[in-house]
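Okay, here's what each chain looks like letter by letter:
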Amino acid sequence: MTRIVIIGGGPGGYEAALVAAQLGAKVTMIERDGPGGACVLTDCVPSKTLITTSVRKQALLDAPSLGVSFDGGHDGQVGAPRVDLPLVNKRVKELAQAQSGDIAARVQAEGVEIIKGLGRLVDPQVVKVGDRTIRADVVLVATGATPRILPGAEPDGERILTWRQLYDLDQLPEHLIVIGSGVTGAEFAGAYRSLGSHVTLVSSRDRMMPNEDADGAEVLEEVYRRRGMNVMGRSRASSVKRTADGVVVTLEDGRTAEGSHALMTVGMIPNTRGIGLEEAGVQLDDHGFIKVDKVSRTSAPGVYAAGDCTGVLMLASVAAMQGRIAVWHALGEAVQPLRLATVASNIFTDPEIAAVGVTQRAIEAGEIDAKVVKLPLATNARAKMQGFNDGFVKLFCRPNTQIVLGGVVVAPRASELILAVSVAVQQRLTVDQLAHTFAVYPSLSGSITEAARRLMQPEASLGF
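Structural notes, computed from the coordinates. Chains are numbered independently. Their residues run from 1 in the order of the written sequence. Local features in a predicted model are, by the rule used here, given only for residues with pLDDT of at least 70; side-chain atom pairs are given and counted only at 80 or more, and totals for whole chains, interfaces and linings are based on all residues. Based on all heavy atoms of the structure, the side-chain values leave hydrogens and waters out of the count.

### Some words on unusual backbone geometry
The test is simple: A simple rule labels every residue: compare its accessible area, found with a 1.4 Å probe on the protein chains alone, to the largest value its type can have, and call it buried under 20%, exposed over 50%, or partly exposed in between. Counting from the N terminus, the helices are the DSSP runs of H or I reaching at least four residues and the strands are the DSSP runs of E reaching at least two.
A cis amide bond links Asp350 to the next residue, Pro351, at an omega of 10°. Backbone geometry places Ser296, a non-glycine residue, at a positive phi of 75°. Residue Ser296 is classed as buried on the basis of its relative accessible area of 2%. One non-glycine residue, Arg413, lies in positive phi territory at about 55°. Relative to the assigned elements, Arg413 resides in the loop between strand E23 (404-411) and helix H10 (414-426).

Laid out in structure tokens, this is it:
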């Protein structure tokens, strides 16, 4: 029986453990924090739970435009929805623990041994955890990553925070300054603005989320500004200092921003140091990420890696697929190498931004020849009914074969809507096939089939 040891119990680890156990391997999973890892306990699951609450709050704020008002205000004013932050954070933590418990029950039901602790490679086939030494035929490293800390902006857990420390606050920040306008910064900035905090988003680039679809980022920034957020572009923070009753953020150009709290969202560093990787022959890149190939192999024989510690794409879905591919390959099963072109991603802002396949940037740079159509969400009947005015559906296809190459959806629950485009990309469907698929009327998904129909038309009639 093949013995597999997995260091790390996040999506890359526990999904691999399930596959390995189902294929008959003897599996041990080592996790320091708990099944699900940081993804479930401190990062993805908690943040999306908080964002769900903020979206509900924003829906209440927008309800009067649909004819719904609230009684119970003072002096004849309409009562505003109130946020009980301790209750919100309690729910966030309980849900994370419940999800971790569900994962533990599932992997243990498959016969996986779970060891709480920090695993370390002694050599490519030996792992040490605490006083125990385990010999393995295959080792999978899935140790994740940790929030990056800027010198001069060290978190104190009270006023200067990483996102893992937010859920210990007992009051909503009066004025939250978010440093970093990537995906994580944009998500938390939008969430806390909808919950009721004044928010300043500090972006070092011309626009927020510079690595994402430009049209989508533009829509979101417009929504944020309309909701009262202060978005400071071209503003790189040089230091964050605590004051008597808040924080002061100093920018590289000498300007300052003052608030009650600062949230640091300036990237991640891999958890790869001090666990014996280099001593075991596992190569790391200049940033400390583990080098892997398309089937998750490292440079050390029998050692695989998956998830954020590889830096391939920091998405739970990618980590899980890397872990499964590693096990399939190690156990001699048929396997397809990881195809990043088919990975769907989502930014859990309000509205959400989901994307899959090729990018607008690659098309405009001449790297890929593609036809493009973009339909505003405001023309969709269901969007009008629900009061959604911001967003769009964008679809890309090859000019000659009409094969769908990718798309972007900016809409409420875009994370659900993007699946149709993902299936089209994965299965190499044409716009004709997508256009001839029935969509419910009225529905937001109807804009996807409508975009496909537009791409069937002569190029001169398309809205580029």
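### Section: the nonpolar core
To keep things clear, this is the line we draw: Throughout this description, the term nonpolar core refers to a set of buried Ala, Val, Leu, Ile, Met, Phe, Trp, Tyr and Cys residues connected via side-chain atoms within 4.5 Å. By the convention used here, residues are in contact when the closest approach between their heavy atoms is within 4.5 Å.
Of all hydrophobic cores here, the largest spans 41 residues; its most connected members are Leu50, Leu166, Phe188, Tyr192 and Leu263. At the level of elements, helix H4 (85-109), strand E10 (175-179), helix H5 (183-195), strand E11 (198-202), helix H6 (214-226), strand E22 (392-397) and E23 are the ones that each hand at least two residues to this core. Among all residues touching Leu50, those that are not within four sequence positions of it are Val88, Val92, Tyr167, Phe188, Tyr192 and Leu195. Within the second largest apolar cluster, 26 residues are counted, among which are Val373, Ala383, Ala411 and Ala452.

### Notes on the pairing of strand E19 (residues 344-347)
Here is the rule we go by: In this analysis, strands are considered paired if DSSP registers two or more bridges between them.
Looking at chain direction, E19 and strand E20 (residues 352-357) are connected through four bridges and run antiparallel. Note that in E20 the partner of Ile347 across the bridge is Ile353. Hairpin connection from E19 to E20: four residues lie between these consecutive antiparallel strands.

### Here's the deal with a positive patch on the surface
Quick note on the threshold: Patch membership requires over 30% relative accessible area and the absence of a salt bridge. Like charges are linked within 9 Å, and nonpolar side chains (Val, Leu, Ile, Met, Phe, Trp, Tyr) within 5 Å. For the area figures, the Shrake-Rupley method with a 1.4 Å probe applies, and any residue is considered shielded solely by the protein chains shown. Salt bridges are defined by distance alone: a side-chain nitrogen of Lys or Arg within 4 Å of a carboxyl oxygen of Asp or Glu. Here Asp and Glu are counted as negative and Lys and Arg as positive; His is not counted, and neither are the chain ends. Taken as the charge location is NZ of Lys, CZ of Arg, CG of Asp or CD of Glu.
On the surface, Arg148, Arg205, Arg236 and Arg361 cluster together into a patch of positive charge. Among the structural elements, Arg236 can be located in the loop between strand E12 (230-232) and strand E13 (237-242).

### Looking at the sheet that holds E13
Adjacent strands of a sheet form backbone hydrogen bonds with each other and so pair up, either parallel or antiparallel. Filter applied, for reference: To define axes, lines are fitted to C-alpha atoms, for helices over the stretch in contact only, and angles between the resulting N-to-C directions are given on a 0 to 180 degree scale.
With antiparallel pairing, the three strands of this open sheet are ordered in space as E13-E14-E15. The open sheet has two edge strands with one neighbour each: E13 and strand E15 (256-259). Averaged over all pairs of adjacent strands, the angle between strand axes in this sheet comes to 15°, irrespective of strand direction. Across four bridges, the pairing between strand E14 (residues 247-251) and E15 is antiparallel. Across the sheet, residue Val249 finds its bridge partner in E15, namely Ala257.

### Topic: the pattern of salt bridges
Scanning the model with the defined rule gives 22 salt bridges in all. Here Lys374 ties to Asp215 by a salt bridge, and the two come within 3.7 Å at their closest N and O atoms. Taken together, the residues Lys374 in strand E21 (residues 371-376) and Asp215 in helix H6 connect sequence positions 159 residues apart. For Lys374, a relative accessible area of 37% gives the class partly exposed. With relative accessibility at 22%, the residue Asp215 sits in the partly exposed group. Glu278 is the partner of Arg273 in a salt bridge, and the nearest nitrogen-oxygen pair spans 3.5 Å. Across this residue pair, the class does not change: Arg273 and Glu278 are exposed.

### A short note on the state of the cysteines
Our working rule: By convention in this document, the label disulfide applies to cysteine sulfur atom pairs within 2.5 Å.
Taken as a whole and assessed by the stated rule, the structure comprises zero disulfides. The thiol of Cys39 is unpaired, and the distance to the nearest cysteine sulfur, on Cys44, comes to 4.4 Å.

### Examining the pairing of E22
Among the six residues of E22, six are classified as buried, and the element is accordingly described as predominantly covered. Where burial is concerned, the two faces of E22 agree: the one with Phe392, Lys394 and Phe396 and the one with Val393, Leu395 and Cys397 are both buried. Judged from the six bridges that link them, E21 and E22 form a sheet pairing that is antiparallel. From the neighbouring strand, Lys371 faces E22, where its bridge partner is Cys397. Hairpin geometry of E22 and E23 is characterised by an intervening segment of six residues between the two adjacent antiparallel strands and by a positive phi of about 70° at Gln402.

### With respect to the environment of Arg382
Rule in force here: Each polar contact in these results corresponds to two N or O atoms within 3.5 Å; when the atoms are within protein, one needs to be able to donate a hydrogen and the other to accept it, and residues that are neighboring in sequence are counted only if both atoms are side-chain atoms.
Take Arg382: it is sitting in helix H9 (residues 381-386). Separated by 22 residues in sequence, Arg382 and Gln360 place their C-alpha atoms 26 Å apart. Residues in contact with Arg382, not counting those within four places in the same chain, are Pro442, Ser443 and Leu444. Polar contacts involving the side chain of Arg382 include one to the main-chain carbonyl oxygen of Pro442, which spans 3.5 Å.

### Considering the packing of aromatic side chains
Worth spelling out the cut-off: Any pair of Phe, Tyr and Trp rings, taking the six-membered ring for Trp, is counted once the centres come within 6.5 Å. Such a pair is stacked with planes under 30 degrees apart, edge-to-face with planes over 60 apart, and tilted for the rest. When the NZ atom of lysine or the CZ atom of arginine is within 6 Å of a ring's centre and also within 35 degrees of its normal, the charge is said to sit over that ring.
Within the structure shown, the criterion is met by zero aromatic pairs. One cation-aromatic arrangement involves Lys374 over Phe392; the distance from NZ or CZ to the ring centre is 4.7 Å.

### Notes on the side chain of Glu187
By the element assignment, Glu187 lies in helix H5. Here Glu187 is in contact with Lys48, Ile51, Asn346, Ile347, Phe348 and Thr349, once residues within four sequence places are set aside.

### Regarding the environment of Arg148
By secondary structure assignment, the location of Arg148 is in the loop between strand E8 (145-147) and strand E9 (160-162). Residue classification places Arg148 among the partly exposed residues on the basis of a relative accessible area of 37%. Setting aside anything within four residues of it in sequence, one finds Arg148 in contact with Val266, Gly267, Met268 and Ile269.

### A short note on the sheet that holds strand E2 (residues 26-31)
Strand order across the open sheet formed by five strands is E3-E2-E1-E7-E18, with parallel pairing between neighbours. The sheet is open, and its two edges are formed by strand E3 (113-116) and strand E18 (303-305), each paired on a single side. For this sheet, the mean angle separating the axes of adjacent strands, direction not counted, is 20°.

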